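A closer look at the structure
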Amino acid sequence: MNTNLKIIISGPVGAGKSSMIANNCKIAILLKRFPKDTIKKQTPKLFQAVVCKIKTKPFCHTQIAVVSNMINGKKTILLAGMSQSEQNSLAVLLPKRVNGGAVLLRNTTEHATPQPDVVLISLRKTKNPSGVLKNIKNAYPGTPVVCISNKPTPAASVSLSPPIGIEKLASAINSALHSIEKQKINRVKPKKQEPLATFNTEERLLGGLLQARALQRETGLAVEFQAKDLISYLILPDDKVLSTICRQTLKSLCRVRFDSHLFKTTTIKASALDHLIAEHYNQANEWLLEDFFWHVGYWSSQGAIPDKIDKRQPLHLHKWPNVTRIPQPLLIIAISALLNKQPTSAHGITKKLGISEKSATQCISGMFAAENIEQYKIRKPGAPLQTVASQHTRNILKKLAHRLLAPWHRQTKQST
Amino acid sequence: MKQETNLKIIISGPVGAGKSSAIASLSDIKPVVTDVKASDEVSQMKEATTVAMDYGTINLGEHTIHLYGTPGQQRFDFMWDILSEGALGLIVLIKHDSPDPVGDLKSYTDAFAHRLDSMPLCVGITHTDKKPAGSLNDYHEVVSRWGNVPVFTVDGRSKKDMNLLLMSLLGVIEPDIIKPLVSNL
Ligand SMILES: Nc1nc2c(ncn2[C@@H]2O[C@H](COP(=O)(O)OP(=O)(O)OP(=O)(O)O)[C@@H](O)[C@H]2O)c(=O)[nH]1
Ligand SMILES: [Mg+2]
């Protein structure tokens, strides 16, 4: 059981952090001048509430490490087993040599000292070095102990034997701090939410088609994109796409990995266009541009989003998709409404709407390919309308939304 | 204080765009229509046209959503303002196969512009089955001054299309309204 819990008290200058500590801790180390009369018994209730929340023993037994504005960001080093003069000289020499700076804490009693980042203990003058070390380790479990001793001390994180210069000591402390940081990061890793999976856009049909669309816009000419013999697409200047393959084949090809070196993109002169269309393209496989890209993105997903989207950065709505002509219209409305009001990362969309990762990634990929969403940089002018529907109105509108959903409910019932 | 429980939504747009059809698709009651046999130039386009308004309702138990369709003809535009006061949102339907549909959208949104800073807007492009719409970018452009406005191709006669359009209007008002509907999808 972890009995060393730390509470960080933060806030602006003068907010009352130090008073709170002074009033509630058995031992308070205050690193600033503190007029006595400001320490009043006014905060114990609040403090107890915090302590109860983390389900520990009454606060007087809890060890509290405080990052006040004086030591914020600096490491705390607890000195133990040292003479006054040793402590004084370390106070001058050590802090500036510790990465990020350090504050030295002096060991007054064994149990009520704030939890330090590292313990520096000298065992040279102790008769029972292993006992003292054991006590320290019990008092500060998990804290690295740098030990100065005449004999090697395996129980310590780092053991140093004299002669010890200040540089050697600082480097031992830095490496102990570094190793504990690394451990912390490793411990935190599995808890981190796995961000959404991505796919390599360049290796898919989508990547080639995005390039072809860019070329079409740049030149204003029709652009033909060939992925393989017999599979080609013609992006026309009037926002239409012709394809040599049917919808179903396109759907399965979107999932296949291609060697992008085989992709071929060619501009077509207006004079050659009619002939090319008549020779190679079937009007039955005609698409509207946005619709086409939306579907290619949607079908490419398979539970992942294009790697061209920075999944940690927020996305925002660039343009509402034409939801009446695409699959999953309700989801798309919900995602669009969310991104219109508040830029949100791909992962945030899944979480905020409580939708499955598969649906979210499909819709995000489709919306990305159709340019309905983009990475958020600065808000566009003409920002979304700030409506002020009262809670009462919202409740009615929720009912209305539910009613509007009825045709889809019926559809699901029929299909099951 | 009595709380506002009766909310209204306005459907506007040019002659023949499908406003009366849209209200019929959405309404729970048989819509109240004020269509008369068309005279003058409208008779070239259609048999009957709305002169005062269309009216339908969506009944939600103790609450009612009122749907008002404005008359299409510009000469009745004094009705637009009367109807739209205090409305929850505006749906503009545009007939894609008319001579200047983008211009139509501009003139209709201009007519409501004084309300659109506080009233959500969405746009349905109808009759695209007769004349396919390549891209809706030109329409988006017209309404971009009000941020991202939903612009969809719809058929005024389709309940599903009209429901989606209205759903997007709710999403513009407050994304949280539709969030519970999609959770676990
Ligand atoms: N082909 C096609 N017909 C449609 C569509 N939407 C509506 N219609 C038809 O178009 C005609 C005109 O629709 P209305 O609903 O009367 O149009 P309106 O906007 O009410 O017209 P006014 O009242 O005259 O302003 C009707 O015959 C509808 O059935 C569409 O998307 N495609
Ligand atoms: Mg009508």
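Our structure is the block above this text.
Source: prediction; values computed, not measured.

Residues and elements named next belong to chain A. Tallied over the full model, the rule gives 19 salt bridges over all chains. In this structure, Lys308 and Glu202 form a salt bridge, with 2.6 Å as the shortest nitrogen-oxygen distance. On the criterion of sequence distance, the pair formed by Lys308 in the loop between strand S12 (304-306) and strand S13 (315-317) and Glu202 in the loop between strand S6 (197-199) and helix H6 (205-219) is long-range, its members being 106 residues apart. We classify Lys308 as partly exposed; its relative accessible area is 41%. Two residues, Glu371 and Arg213, come together in a salt bridge whose shortest N-O distance is 3.5 Å. Taken as a pair, Glu371 in the loop between helix H12 (357-369) and strand S14 (373-375) and Arg213 in helix H6 lie far apart in primary sequence, 158 residues in all. Its relative accessible area of 28% is what places Glu371 among the partly exposed residues. Taken together, the shared-partner salt bridges in this structure form one network comprising Glu86, Arg124 and Lys125.

As a further point, take the nonpolar core. In this structure, Tyr233(A) and Leu250(A) are the most contacted members of the largest nonpolar core, which totals 95 residues. Counting only domains with at least three residues in this core, you end up with domain 2 (198-295) and domain 3 (303-415) of chain A. In this structure, Ala87(B), Val92(B), Ala113(B) and Leu116(B) belong to the second largest nonpolar core, which totals 27 residues.

Attention shifts here to the packing of aromatic side chains. All names here are of chain A. Using the criterion set out here, one finds 10 aromatic pairs over all chains in the structure. Relative to Phe263, the ring of Phe225 has its centre 5.1 Å away and its plane inclined at 70 degrees; by these criteria the two rings are edge-to-face. In this pair, Phe225 is assigned in strand S7 (residues 222-228) and Phe263 in the loop between helix H7 (247-253) and strand S10 (264-268), connecting sequence segments 38 residues apart. Owing to a relative accessible area of 16%, Phe263 belongs among the buried residues under this scheme. An aromatic cluster is present here, built from Phe225, Tyr233, Phe258, Phe263, Trp287, Phe292, Phe293 and Trp299 joined pairwise through their rings. Arg204 extends its terminal NZ or CZ atom over the ring of Phe199, reaching a point 4.5 Å from the ring centre. Against the face of Phe293 rests Arg213, its NZ or CZ located 4.3 Å from the ring centre.

Next up on the list: the environment of Trp80(B). Along the chain, the position of Trp80(B) falls in helix H2 (residues 78-84). Sequence spacing of Trp80(B) and Ser12(B) is 68 residues, and the spatial spacing of their C-alpha atoms is 8.0 Å.

At the junction of the two partners, chain A supplies 49 residues and chain B supplies 57 residues. Summed over both sides, the interface between chain A and chain B buries roughly 4700 Å², with carbon and sulfur atoms accounting for 66% of that surface. Viewed at the interface, chain B and chain A are joined by 4 salt bridges. Taking the shortest distance from any N to any O, the salt bridge between Lys399(A) and Glu62(B) comes out at 3.9 Å. Taken together, the connections running from chain A to chain B amount to 13 residue pairs in polar contact (both at pLDDT 80 or more). Sort the elements by how many residues they give to the side of chain A that touches chain B and helix H13 (residues 391-404) of chain A lands first, with 12 residues. Along the lines of polarity and charge, the residues of the side of chain A that touches chain B split into 25 nonpolar, 13 polar and 11 charged.

The rules we used
Residues numbered from 1 in each chain as written. Chains lettered and ligands numbered in written order. Predicted model: local features only at pLDDT ≥ 70, side-chain atom pairs only at ≥ 80, totals over all residues. Heavy atoms only, no water. Salt bridge = Lys/Arg side-chain N within 4 Å of Asp/Glu carboxyl O. Helix = DSSP H or I, 4+ residues; strand = E, 2+ residues; numbered from the N terminus. Buried < 20%, exposed > 50% of the residue type's maximum accessible area, 1.4 Å probe, protein only. Core = buried A, V, L, I, M, F, W, Y, C linked by side-chain atoms within 4.5 Å. Domains from an automatic or database assignment. Phe/Tyr/Trp six-rings, centres within 6.5 Å; stacked < 30°, edge-to-face > 60°. Lys NZ or Arg CZ within 6 Å of the ring centre and 35° of its normal. Contact = heavy atoms within 4.5 Å. Buried area = accessible area lost by both parts, 1.4 Å probe. Polar contact = N/O pair within 3.5 Å; in protein donor to acceptor, adjacent residues only side chain to side chain. Nonpolar A, V, L, I, M, F, W, Y, C, P; charged D, E, K, R; others polar.

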